[in-house]
Structures are given as structure tokens and as C-alpha cells.
Amino acid sequence: TQVRRGISFSMEQGEVLSIIGSSGSGKTTLLRCLTNLERADKGVITVGNKVVFDPEQGVKLSKEEARENQLQFGMVFQQFNLFPHMTVLKNMTLAPIKLLNLSKNEAEERGESYP
């Protein structure tokens, strides 16, 4: 089933984009394509001036490149699935510590300063 077609958007560094829509409208599929967790049928996906998907040009990211690309995105799911045994701050700082190699202090400063 083709849910969306002809999607085009651009963002500047530091901008935040919210994708809102009914269940089944393609929000998660779009994010999965942007992060190389799913393959689009056609088109071109560019992230940070780097083409991450272009089947006509044979662009295929290595595992390392795909991982770097994934770190450019954050997702908030419909079910938050927070760790119930952790505080909100610990839930917020887990990914930056593990994935971005931030120190505990730096991650907590970021988490506490978030509006």
C-alpha cells in the first residue's frame, strides 16, 4: 500500500521537525527510511549534505556510515516506554551517554536545561 508519495522537505542544522499524523499514515516508515532501517522504493535522501540513499547512483552506506547517520535523528514513540526503575533524568541521559559518549555530568546538564 502506498501511503505517501512525493515527500520533500529540508531542514537547517538545529531545527526540530515534528511529524504528526494518524496511525498508519507513514510517519514511522519515513523515519525508518531516513535512518536506513528501511529502504525506500525510490528517490534520494540526503542528510547533512551527504547522500544516504540513491538507488540510481548505487549509493549504499557501510554499517559505520549508517550508524553515524542514525545518530543524527531522535524519535519519540507513541508509547514512551521509559524504564520504570529509572528517574526521568536517567531516562533522558541514557542515550547521550551510551551513544554520544557524553560524560554523565554533561548529559545531566543537557537534560536539566531542556525546556
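So, here is what we can say about the structure in this document. (Residues numbered from 1 in each chain as written. Predicted model: local features only at pLDDT ≥ 70, side-chain atom pairs only at ≥ 80, totals over all residues. Heavy atoms only, no water.)

**Brief notes about the overall build of the protein**
The helix and strand tally for the protein stands at four helices and two strands. N-terminal to C-terminal, the α/β element order of the protein is α-β-β-α-α-α. With the C-alpha coordinates of the protein rotated into their principal frame, the extents come out at 45 × 30 × 25 Å. Burial statistics for the protein: of 115 residues in total, 19% are counted as buried. Restricting to contacts in the protein with at least 6 residues of sequence separation, those with at least 24 account for 21%. (Helix = DSSP H or I, 4+ residues; strand = E, 2+ residues; numbered from the N terminus. Buried < 20%, exposed > 50% of the residue type's maximum accessible area, 1.4 Å probe, protein only. Contact = heavy atoms within 4.5 Å.)

**Points about a nonpolar patch on the surface**
Together, Ile7, Phe9, Met11, Leu17 and Ile19 make up a nonpolar patch on the protein surface, roughly 420 Å² of accessible area in all. Within the secondary structure layout, methionine 11 lies in the segment before helix 1 (27-34). (Patch = residues over 30% accessible without salt bridge, like charges linked within 9 Å, V, L, I, M, F, W, Y side chains within 5 Å. Areas by Shrake-Rupley, 256 points an atom, 1.4 Å probe, with all protein chains shown as cover. Salt bridge = Lys/Arg side-chain N within 4 Å of Asp/Glu carboxyl O.)

**Concerning helix 1**
Every buried residue of helix 1 is listed here: Lys27, Leu30, Leu31, Cys33 and Leu34. Each buried residue of helix 1 lies within a common arc of 160° when the element is viewed along its axis, so the set occupies one face. Looking at the buried residues of helix 1, the elements they touch are strand 1 (45-47), strand 2 (50-53) and helix 2 (63-70). Residue asparagine 36 follows helix 1 closely and has a positive phi angle near 60°. (Arc of directions from axis to C-beta.)

**Details of the nonpolar core**
One finds Leu30, Leu31, Cys33, Leu34, Ile45, Val47, Val52, Phe53, Leu61 and Ala66 forming the largest nonpolar core, which totals ten residues. Residue assignment for this core shows that the elements contributing at least two residues are helix 1, strand 1 and strand 2. With four residues, the top contributor of residues to this core is helix 1. (Core = buried A, V, L, I, M, F, W, Y, C linked by side-chain atoms within 4.5 Å.)

**Examining the side chain of asparagine 69**
When you line up the elements, asparagine 69 lands in helix 2. The class of asparagine 69 is buried, set by a relative accessible area of 5%. Setting aside residues up to four positions removed in sequence, asparagine 69 forms contacts with Leu34, Thr35, Asn36, Val47, Val52 and Leu61.

**A short note on the pattern of salt bridges**
This structure, assessed with the given rule, holds three salt bridges. For arginine 32, the salt bridge is made with glutamate 38, and the minimal N-O distance between the two is 3.2 Å. Between lysine 104 and glutamate 108 there is a salt bridge, with the nearest N and O atoms lying 3.9 Å from each other. A residue pair is termed a helical-turn pair when its members lie 3 or 4 positions apart in one helix, as lysine 104 and glutamate 108 do in helix 4 (residues 104-113) at four residues.

**As for unusual backbone geometry**
In this structure, asparagine 36 is a non-glycine residue whose phi angle is positive, near 60°. Tracing the backbone shows asparagine 36 in the loop between helix 1 and strand 1. When its relative accessible area of 30% is taken as the criterion, asparagine 36 is described as partly exposed.

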